Amino acid sequence: MLTRYELSPQELMLLNSELRPREKSLALSYLMLIGGHLGVHRFYLRRTVSAIIQLVLFLLAMAAYFGFAFAAEFNEGLRLPFLILMLVTGFPLFVWIVIDLFMIPRMVRDLNQQAEHEVLQQIEWLRQNPPPARESMASPTAAPQPGYQPPQL
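Residues numbered from 1 in each chain as written. Predicted model: local features only at pLDDT ≥ 70, side-chain atom pairs only at ≥ 80, totals over all residues. Heavy atoms only, no water.

Draft legend 1. Representation of the overall build of the protein chain within the structure. Scanning the protein chain from terminus to terminus reveals five helices and zero strands. In sequence order, the secondary structure elements of the protein chain are arranged as α-α-α-α-α. Counting every position in the protein chain, which comprises 153 residues, the buried fraction comes to 25%. Here the analysis covers contacts within the protein chain between residues at least 6 apart in sequence; of these, 61% occur between residues at least 24 apart. Working note: accessible area of the protein chain is about 10,400 Å², and carbon and sulfur atoms make up 66% of it. (Helix = DSSP H or I, 4+ residues; strand = E, 2+ residues; numbered from the N terminus. Buried < 20%, exposed > 50% of the residue type's maximum accessible area, 1.4 Å probe, protein only. Contact = heavy atoms within 4.5 Å. Areas by Shrake-Rupley, 256 points an atom, 1.4 Å probe, with all protein chains shown as cover.)

Draft legend 2. Summary view of the packing of helix α1 (residues 9-19) against helix α5 (residues 79-128). Running from N to C, α1 and α5 point in directions that differ by 140 degrees, and their axes come no closer than 10 Å. Here α1 is positioned oblique relative to α5, judged by the angle of their axes. Taken as a pair, α1 and α5 cross one another with a handedness that is right-handed. Residues Glu11, Leu14, Leu15, Glu18 and Leu19 of α1 form the contact with α5, whose participating residues are Ala115, Glu116, Val119, Leu120, Ile123, Leu126 and Arg127. Here the residues of the contact of α1 with α5 sort into eight nonpolar, no polar and four charged. (Axes fitted to C-alpha atoms, helices over the stretch in contact; angles between N-to-C directions. Parallel < 35°, antiparallel > 145°, perpendicular 65-115°, else oblique. Left-handed = near helix turned anticlockwise from the far one by under 90°. Nonpolar A, V, L, I, M, F, W, Y, C, P; charged D, E, K, R; others polar.)

Draft legend 3. Region of interest: the packing of helix α2 (residues 26-34) against α5. The N-to-C vectors of α2 and α5 enclose an angle of 160 degrees; their axes lie 10 Å apart at closest approach. The orientation of α2 with respect to α5, classified from their angle, is roughly antiparallel. α5 is crossed by α2, and the crossing has right-handed handedness. Of the residues in α5, those touching α2 at Leu26, Ser29, Tyr30 and Leu33 are Ile97, Asp100, Leu101, Ile104, Pro105 and Val108. Its residues assigned to classes, the contact of α2 with α5 comprises eight nonpolar, one polar and one charged.

Draft legend 4. Up close: the side chain of Glu11. Residue placement: Glu11 occurs in helix α1. A distance of 3.0 Å separates a polar side-chain atom of Glu11 from the backbone nitrogen of Ser8. At 2.8 Å, the side chain of Glu11 and the side chain of Arg127 are in polar contact. (Polar contact = N/O pair within 3.5 Å; in protein donor to acceptor, adjacent residues only side chain to side chain.)

Draft legend 5. The arrangement of the pattern of salt bridges in detail. Here the structure, examined in full by the defined rule, presents four salt bridges. In this structure, Glu118 and Arg22 form a salt bridge, with 3.7 Å as the shortest nitrogen-oxygen distance. Highlighted residues: Glu118 in helix α5 and Arg22 in the loop between α1 and α2, separated in sequence by 96 residues. For Glu118, a relative accessible area of 34% gives the class partly exposed. We note a salt bridge from Arg106 to Asp110, for which the minimum N-O separation is 3.8 Å. Of the two residues, Arg106 and Asp110 are both situated in helix α5; the distance of four residues between them amounts to about one turn of the helix. According to the relative accessible area criterion, Asp110 is partly exposed, its value standing at 33%. (Salt bridge = Lys/Arg side-chain N within 4 Å of Asp/Glu carboxyl O.)

Draft legend 6. Representation of the packing of aromatic side chains. Inspection of every chain in the model, using the stated rule, returns two aromatic pairs. Considering the side-chain rings of Phe70 and Phe74, the 4.9 Å spacing of their centres and the 45 degrees angle between planes classify their relative orientation as tilted. Separated by four residues within a single helix, Phe70 and Phe74 lie in helix α4 (residues 48-74), roughly one turn from each other. Sitting over the ring of Tyr44, Lys24 keeps its end group 4.7 Å from the ring centre. (Phe/Tyr/Trp six-rings, centres within 6.5 Å; stacked < 30°, edge-to-face > 60°. Lys NZ or Arg CZ within 6 Å of the ring centre and 35° of its normal.)

Draft legend 7. Broad picture of the confidence of the model for the protein chain. When pLDDT is averaged across the protein chain, the result is 85; 87% of the residues are at 70 or more. Of all helices and strands in the protein chain, the one with the weakest mean pLDDT is α1 (84), whereas helix α3 (residues 40-44) scores best (94). (pLDDT = per-residue confidence, 0-100.)

What follows is the structure in structure tokens.
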């Protein structure tokens with residue numbers, strides 16, 4: 001497997017140009033975390049299942065909160081169930097968000113390393129299967145060699 005240090009200057013430029021749109025930002029991840037407990041930062045970091053769970057927990061906690069406020073005003077008997085639901089959903093969500101404060105750097109680093117690994121694999125494939133040489137300028141539509149399949153960058 002190739003490493004970043006084994007690349008020619010042209011391949012390094014290709015690596016950087018391909019990585020730029022794929023890389024995830026640590027600062028943006030933290031901004032998304034601050035923006036609410038909706039799991040947006042986990043959607044951004046491609047952790048879809050846990051993002052959906054965070055979103056559901058948040059929605060349940062908000063429904064319990066508003067139900068508790070409504071019950072406190074109009075129906076005293078429903079306060080306790082709404083308070084319990086609010087605590088059962090809100091407290092784990094709060095703990096999860098605090099843990100995410102420390103886990104986000106590793107999640108971003110892992111995703112960025114995975115993206116770099118994928119691009120390096122494509123560059124290695126290009127090294128082993130160079131594109132066909134083009135004919136003279138007189139025929140600019142030279143046909144590719146049989147069996148040549150360019151990688152998806």
